Every structure is written in C-alpha cells, then in structure tokens.
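Fold and geometry: a report
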Amino acid sequence: MSSSQEQATVIRAKNLTRRFGKQVAVDRVSFDVPKSAIFGFLGPNGSGKSTVIRMLCGVLRPNAGRGEVLGRDCATDSEAVKRRIGYMSQQFSLYAGLTVAENLDFYGRIYGLRGDALKRRKSELMELVSLRDRARQFAGHLSGGWKQRLALACALVHKPEVLFLDEPTAGIDPVARRQLWDLLFDLSASGVTLFVTTHYMDEAERCTHIGYIYFARLIVLGKPADLKRLREVTPHGTRRCELTCPDPAGVLTGLRTREGVRDATLLGETIRLLVDNTLNDADLLAAAGGSSSSASLRPIGASLEDVFVTLSRASIEEGRG
Amino acid sequence: MNGLAAILLKEFAHIRREPGTLVFAFLIPVLQLTIFGYAIDTTIEQIRTVVLDLDGRSASRELVEALTNTRTFRVIERVHDEESFERALVSGRAKVGVKIPPNFSERLLHRERATVQVLVDGSDSQVAMTALNTANLLGLNRSLRFGRALADTVHVAPARDPFGAFSLPVEVRPRMLFNPDLRSASFFVPALVGIILQLVTLFLTSFAIVRERELGTLEQLFVTPVGRAGLLLGKLLPYAIMGFLESLVILLVMVFVFDVPIRGSLPLLLGLIVLFLFTALGLGLLVSTIARTQLQAVQVAFMIMLPSILLSGFMFPREAMPMPIYLITFLIPVTYFLEILRGIILRSAGFVDLLPHIVGLAVSCVVILALSVLRLRKQLD
C-alpha cells in the first residue's frame, strides 16, 4: 500500500493458508492493513472470508503462512491478540434472554471490568449507540438494527484497537445500515482499525481499502479509486458506456449476443456496457431501437461491481488455461 | 480461570429468567419420583379371574372362597358354559380361569383325586408367575387339610409340632432381611434417585453448551480472552450445584413420603452422590461435543438414558440378563451408582462393602470427563 503518508501496519496476512480436509478454504492470502483504515473484505459466500477472520482473531490456526495483528502472531500469541481486538459476527450472537444492560455487563466482566469502571463504560457505550432508553429490554426483543448496535457495543466494551466485523449489516434495513456505518466512521476517525466483510457494493465504496477473495484466493487488493482504474478492468481497445433507451430489458438480449459487446448489464432504466472500440456509438444506438431520438449514450467509468465481475471472470479463465 | 465469574453470573441470570429450567430441575424429579414410586408396585394382587363351577356344591364353593381370600385373585365373572368361559379369557377380561369339574365333590368324598383346571394368561409373565404360584400353593394347602383330618382319625402323622399337632416333617422358615415387608418402594425409590439425577444433569448440561453453539455465542466467546477452564467450569458449576440441591430434595421425599429411611452413613452417601454428579455432568458435556443442535442433543441424551434405565438394574435384575448384556451393564456408570444407593440406603453398607462399585464409578467418571474435555478442546482448535 503505497499511500502518501506511511501509516503503521496493524493487520498483516502473509501467505495465509487454511485447508479443511482436502478443501483449500484460504489459499496464500497476503495483505496489509494500516492503522485507522476501513478494510473492506469482499467475496462470494463460501469464498473464505470468515475463515480469514477466524485465523486473524486467533480462533483458528493457519496451515501455512502467518497472520499478525498489532505486531503479535495470531496463532502463537492469540491470547494477547484477543485482549486487543473486538469481533462482531454475522449472525446475532448475544444472549436473547438477557437485557441490553446485562449483555454489556457480561462482556465487560469477561474483559475484567468491575464495579465503577464497568458502570462507566456501560454508560458510555449505551450513549454511543443510543441504547440508553432500551437498557432494560431483552436483547431478543430488539429489532435487527438495534441488535447490531448492541452487538457493536459489546464488541467495543474493552476499547479494542482493531475491530473485525463479519457482515455486520446483513439483513438490516437501509436506515439502520447507514446509522451503523456512521458509527464505524467515527470509530475509524478515533484511530480504531476496522476489518469489515460485506456483500453490498455501496458499503465497499465506503471503505478506504478493499480486498476481493474469490475461491480461496485474493484476486484484488487496493483502494476503491485505484481498482476502478485498473487496466484489466477496462482492457486496451475497449470502453465503458451507459445506454439509456426505452425497453432496456428487451434491448439487452440483443446486445449481449452482438459481436464486440463484452459485457452488458441492466441498472434501473439503463444498460451498462463494456464494448470494443470497433463498435461506434451509432451502431449501439441503432441496436437500441432504430430511431435514435429516444435513446442516448454516455461514457462512464467502471464501478466496483464491474471490477469484481471482470476480475472474477478473468480468474476463472486463468484457472481453465 | 479467566471470565469464570462473568460466566457464572450469566448462567444464574439465565436460570433465573427461565423458570422452565427450574421446573425441569426440581418439580419434575419430585413428580417423577412420586409417580414412579407409587406406580411401580410389583406386588401383584387382584388378578381378574373367571370361574366355571360345574359342581356348585359346598366343597367347590369353599374352594372358590379360599381362592378369593388369597387376595391374589378377584372373581369378576361366574359363567356356566365352556364357551363364555373361553370368551372371557380370549377377550382379556379375565387373566385366570378356574374350571371345577361336575364330579368335584363326589371324588373328594370317595377319596379319589379331584382335578381343578386353572388356565393362566401367560402374556404378562410376572402376573402369570404369581397366579401360578398362588394356585399351586392353594392346592397344596387344601390337600394338607384333608391329609391332616385323615391323620387325626387314624392317629398316624409324619411329624408333630411341640403341641402334638400334625405337622410336616421339614419346615422351611425364610426371613426377609433389609426389606421385611417386601415393599417394592424400598427397592425402586433409592434407585430412582440415581436415575432422575442422571436424567436431569445430563439434559441440563448437554443443552447448556449446544445452545451457545446454536446461537453463535460460543464463537463469540472464543474471540474473547475467556479461558477454556473458565468456560467449562462456569457452564458446569451451576448445574452441579442444582443437581446436588435436587438430590437433597429427592432424598427428603424418599425418607418422608415413601418412608424409606437411610440406614447407612449419610456423609458417605452425599460424597458418592457428588462423584456421580460429576460423571453425569461429564456425560452431558460429551453429548454437547457430539450434538450440533439442541434437537440432536435430545436424541443423543435419550440414547444414553435408555440403557441406563433398562440395563442398569433399575428395572430388571442384572443377574438374570444373558451374559453379553450382563457384561455391557458394567459400561453404564449408573449401574455402579444404583448398587451404591441400594447398598447404603437399604443395607447400611459401608465404604469397604461397596469398594468394587465405588472403584467402578470413579473409573467411569475419570474416563468420561477426560474424553469429553479432550473432544471439546479438539473442536475448538
């Protein structure tokens, strides 16, 4: 990561590898995450995201390579690592039968907080995630967004320097998602390093750094803006453009089979295209429905989704080759 | 021991919040004990009996009366033809049929052998055996009466008692030790203490860890600095305490409701109850390492409970089992515990008397605990 100002590396994976039986779940994954970064870790289900997190949290031993968090080896020094990291898992993993306050008490005590210190920290956290009014409610009765806030508060009880979040926003509504991300930005601003897995592209856009894992291998690593400019994403001799026309769904099928069209996908009322430069604008407008009066075309840059789709395909072809 | 206090506090909060756990731990065992204690009564009385009396004179009526007086038989029907007699037995209305032939009185009068036919429904072997024994004894008694009357008239007797009356030459005089009234409660209730104790601790502990696994909180805990020892002890200790309190309750019910006093040493009994508690908790832990969901935990726990009830000597005497099964009973920890319970409570047996069983229980405890902790550790890594 050649950023302008050199920040200390907080999380480092070096050829991290894990096998379950014959299945390779994580294959030689390497990356560095600098302090206060928001590292977005993306990839399809079952590609090895959670396995990487479990190795970095010291719960699972790697078969080869090593993981380091805050300069400590995750496998051999896991107890030291566990004291300084927080973890929030993808499914709601609090005690539904305990109240909000009791859940916080429990995690506080686990990290050795007692008496006044525990009370103070609990109060701070309930303030932070706005749960004070619900302190006496059962965790099981909270709605999805509130549950995630409570889970976040529990993961923060010991003021961790690094926070791992495994799909923290899966299944919660857009407003709650937005609020959770605002909290994450505040944490990042206060110096906490965040490691987040997600499926949402808009969330990926919010990250300072991104890694994309596909079938156990890390195939993309970098800052979102740099990734979109990668040459492999928009190869030489091709361009990306957006076609606005009536009945885009009907036009799409015709376009997909056309010579020179590498990728075509629907986005609302428009079609996003990756085409060879041999096809000119007039050809495309003609394909969009003859009378070009109602159709229009404009050049666009690659989105993160384009990056992942293109590179995944390249990775499959490479695997075949 | 990191986090032991936190987990203990949390478990007690869970138990307080879920009255179901407390009901399961305290009310159900007492109910079970009461129901089992009263229902499992192996003294068989009042077997439904049908009588076909083709004679109908005083000798045959006396015989039927004597039959009823044993309390083993209860005449529910008197029929007058073969067909109804058979129907009563085939339909199951009667378990025993007594058929007195038409010439019963005449044959007795002429000093000829009179035959009474007793048909017994053999479906339930215990009922059948009781009916058979009582019927045979009754026949023998009535024959002796005739013999005695005859001996008195001819002044010849095979033997005489100190008062000079007619007597049989050999008298067998059995005396019941430890349970003189042959109350089945004395036999079953102490063993029930063991069975119920295992049932409750096994189910409670097997749930305790599987539930956390199912909720995903177990994974969350592994990421915290909670030590394995703290986690295990924090999970088991509350249930060990509950199990111990529960055994005190059951013992109280046994002594005061069922009137089965503890003849032996109470400290020895309590000490061995603790040893057994750890064995049962270990079994629960083992179930937790095998089961992935609470449903599976129930199934595995049942698989362990079934042989514990059927083969431990709780229901059927182990000595009567075929050799291969008899050997299997030594693999069931509760077998040793039942011997210990009955030994201390009924026979006032001491440490030395029970040594083989105590060693057996101690070995199963160590093996089970070691196995479950090893399995759990392997899974976490």
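Now for a description of the structure that goes with this document. (Residues numbered from 1 in each chain as written. Chains lettered and ligands numbered in written order. Predicted model: local features only at pLDDT ≥ 70, side-chain atom pairs only at ≥ 80, totals over all residues.)

Now for the overall build of chain B. Of the regular secondary structure elements, chain B holds 14 helices and six strands. For a compact globule of 381 residues, the expected C-alpha radius of gyration is about 21 Å, and chain B comes in at 29 Å, more than 25% above that figure. Over its C-alpha atoms, taken along the principal directions, chain B stretches across nearly 95 × 50 × 40 Å. Counting over 381 residues, chain B shows a buried share of 35%. Residue pairs in contact within chain B that sit at least 24 positions apart in sequence constitute 76% of those at least 6 positions apart. (Helix = DSSP H or I, 4+ residues; strand = E, 2+ residues; numbered from the N terminus. Rg over C-alpha atoms; globule rule 2.2 N^0.38 Å. Buried ≥ 20, exposed ≤ 12 C-beta atoms within 10 Å, placed from the backbone. Contact = placed C-beta atoms within 7 Å.)

Take the packing of helix 10 (residues 266-290) of chain B against helix 11 (residues 294-310) of chain B next. Residue and element names in this part refer to chain B. Where helix 10 meets helix 11, the closest approach of the two axes is 9 Å, and the angle between their N-to-C directions is 135°. For the element pair helix 10 / helix 11, the angle class is oblique. In this structure, helix 10 crosses over helix 11, and the sense of that crossing is right-handed. Residues Leu 283, Val 287, Ser 288 and Ile 290 of helix 10 form the contact with helix 11, whose participating residues are Ala 297, Val 300, Ala 301 and Ile 304. Its residues placed into classes, the contact of helix 10 with helix 11 shows seven nonpolar, one polar and no charged. (Axes fitted to C-alpha atoms, helices over the stretch in contact; angles between N-to-C directions. Parallel < 35°, antiparallel > 145°, perpendicular 65-115°, else oblique. Left-handed = near helix turned anticlockwise from the far one by under 90°. Nonpolar A, V, L, I, M, F, W, Y, C, P; charged D, E, K, R; others polar.)

Once that is clear, we can look at helix 1 (residues 49-56) of chain A. Of all eight residues making up helix 1 of chain A, eight are buried, and the element is well covered by its neighbours. Among the residues trailing helix 1 of chain A, A:Gly58 stands out with phi positive, at a value near 80°.

What follows covers the environment of A:Val261. Residues and elements named next belong to chain A. Within the element layout of this structure, Val 261 appears in strand 12 (residues 261-267). On the basis of neighbour counts, which here come to 19 C-beta atoms within 10 Å, the residue Val 261 falls in the partly exposed class. Discounting residues that sit within four places of it in the chain, Val 261 has contacts with Leu 255, Arg 256, Leu 273 and Val 275.

A word on the environment of B:Asn179. Residues and elements named next belong to chain B. When you line up the elements, Asn 179 lands in the loop between strand 6 (166-167) and helix 7 (184-215). With 106 residues separating them in the primary sequence, Asn 179 and Leu 285 have C-alpha atoms 38 Å apart. Contacts of Asn 179, omitting those with residues within four sequence positions, involve Ser 186, Phe 187 and Leu 346.

Most often, soluble globular proteins keep nonpolar side chains buried together rather than apart. Within the largest apolar cluster, 139 residues are counted, with the highest numbers of intra-cluster contacts made by A:Ala153, A:Phe164, A:Leu194 and A:Phe195. Take this core: its biggest share by element is 17 residues, from helix 7 of chain B. Apart from the residues within four sequence positions on either side, A:Phe195 is in contact with A:Ile11, A:Val33, A:Phe39, A:Phe41, A:Val162, A:Phe164 and A:Leu165. Residues B:Val51, B:Leu63, B:Ile100 and B:Ala131 belong to the second largest nonpolar core, which totals 17 residues. (Core = buried A, V, L, I, M, F, W, Y, C linked by C-beta atoms within 7 Å.)

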